[in-house]
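# Secondary and tertiary structure notes
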Amino acid sequence: MKQVPVIAVVGPSGVGKDSVMAALAARDPGFHLIRRVITRPDQAGGEVFTGVSQQDFDAKRAGGVFALSWQAHGLSYGVPMPSDEERAGARALLVNLSRAVLLQAQGVFHPFAVLSLTARPEVLAARLAARGREDVADQARRLGRADMALPAGLRRVITIDNSGPLDDTVEAVLAHLQRESA
Ligand SMILES: Nc1ncnc2c1ncn2[C@@H]1O[C@H](COP(=O)(O)OP(=O)(O)OP(=O)(O)O)[C@@H](O)[C@H]1O
Ligand SMILES: O=P(O)(O)OC[C@H]1O[C@H](OP(=O)(O)O)[C@H](O)[C@@H]1O
């Protein structure tokens, strides 16, 4: 089967990772989204994910279900290895990852690239407040880790500012990928 790149979409909470992933998939159905397993109630909204209890999460991790797993914001996150069905017909697989697991991800997925999204601090704060998924204290904690640097040693990183309209970001990502494949 042909090698389908995994593109890790990273950046601070509220920068727009899930929005950009959804917009890319809407623009080009060749972008498939990897569904994460999270210890968050299913009805929390936002991205499409599989919500599980901590006990179920731990059992899945022990059973080797996850290619990657990590903890952030008091939650556990797992990414299953994409199946052949998920890869079939895909141009690229997009997955929302913590910046903390990128080097590990680079060792697991081949080919692998990072899409690093940025936004101005005041834009981040306004977006988290408007989204309203977390309370004010949790929003502040999320903003506190906004400037976490990417690890050294990543081979392919595309950095795009998402402070402006979503359509501009989608165009910028597509243009970048097109330049790379030219
Ligand atoms: N370019 C944009 N312009 C305006 N609003 C945006 C843009 N990108 C995202 N948003 C809005 O900002 C909020 C946060 O976006 P989103 O949930 O996609 O971020 P995220 O990076 O996935 O956050 P988290 O890591 O916390 O899940 C959402 O309400 C979304 O609609
Ligand atoms: O700050 P870092 O470690 O890069 O990202 C940590 C986590 O924060 C976000 O979680 P959520 O989607 O808001 O639950 C990201 O998706 C990632 O899983």
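The notes below deal with the structure included here. (Residues numbered from 1 in each chain as written. Chains lettered and ligands numbered in written order. Predicted model: local features only at pLDDT ≥ 70, side-chain atom pairs only at ≥ 80, totals over all residues. Heavy atoms only, no water.)

## Some words on the overall build of the protein chain
From N to C terminus, the protein chain includes seven helices and nine strands. Taken over C-alpha atoms, the radius of gyration comes to 16 Å for the protein chain, in line with the 16 Å a tight globule of 182 residues would show. Taken along its principal axes, the extent of the C-alpha atoms in the protein chain is 45 × 40 × 30 Å. Burial status across the protein chain gives 44% buried among its 182 residues. Taking the intrachain contacts of the protein chain between residues at least 6 apart in sequence as the baseline, contacts between residues at least 24 apart amount to 69%. Averaged over its 21 positive side-chain charges, the protein chain has a centre that lies 3 Å from the centre of its 19 negative ones. (Helix = DSSP H or I, 4+ residues; strand = E, 2+ residues; numbered from the N terminus. Rg over C-alpha atoms; globule rule 2.2 N^0.38 Å. Buried < 20%, exposed > 50% of the residue type's maximum accessible area, 1.4 Å probe, protein only. Contact = heavy atoms within 4.5 Å. Lys, Arg positive; Asp, Glu negative; His and termini not counted. Charge placed at Lys NZ, Arg CZ, Asp CG, Glu CD.)

## Here we look at the site of ligand 1
In the region of ligand 1, 16 residues are neighbours, and Ser13, Lys17, Ser19, Arg131 and Gly164 sit closest. Note that an oxygen atom of ligand 1 is positioned 3.0 Å from one of the side-chain N or O atoms of aspartate 18. A distance of 2.6 Å separates an oxygen atom of ligand 1 from a polar side-chain atom of serine 19. Relative to its unbound accessible surface of 630 Å², ligand 1 loses 76% to contact with the protein. Looking at the shell around ligand 1, the element that brings in the most residues is helix H1 (residues 17-27), giving three residues. Looking at the shell around ligand 1, its residues break down into four nonpolar, six polar and six charged. (Near = heavy atom within 4 Å. Polar contact = N/O pair within 3.5 Å; in protein donor to acceptor, adjacent residues only side chain to side chain. Areas by Shrake-Rupley, 256 points an atom, 1.4 Å probe, with all protein chains shown as cover. Nonpolar A, V, L, I, M, F, W, Y, C, P; charged D, E, K, R; others polar.)

## Looking at the packing of H1 against helix H7 (residues 166-181)
Close contact between H1 and H7 brings their axes to 10 Å; oriented N to C, the two are set at 70°. One finds that H1 runs roughly perpendicular with respect to H7. Between H1 and H7 lies a crossing whose hand is right-handed. The residues of H7 that touch H1, namely those facing Ser19, Val20, Ala23, Leu24 and Arg27, are Leu166, Thr169, Val170, Glu171, Val173 and Leu174. Split into classes, the residues belonging to the contact of H1 with H7 amount to seven nonpolar, two polar and two charged. (Axes fitted to C-alpha atoms, helices over the stretch in contact; angles between N-to-C directions. Parallel < 35°, antiparallel > 145°, perpendicular 65-115°, else oblique. Left-handed = near helix turned anticlockwise from the far one by under 90°.)

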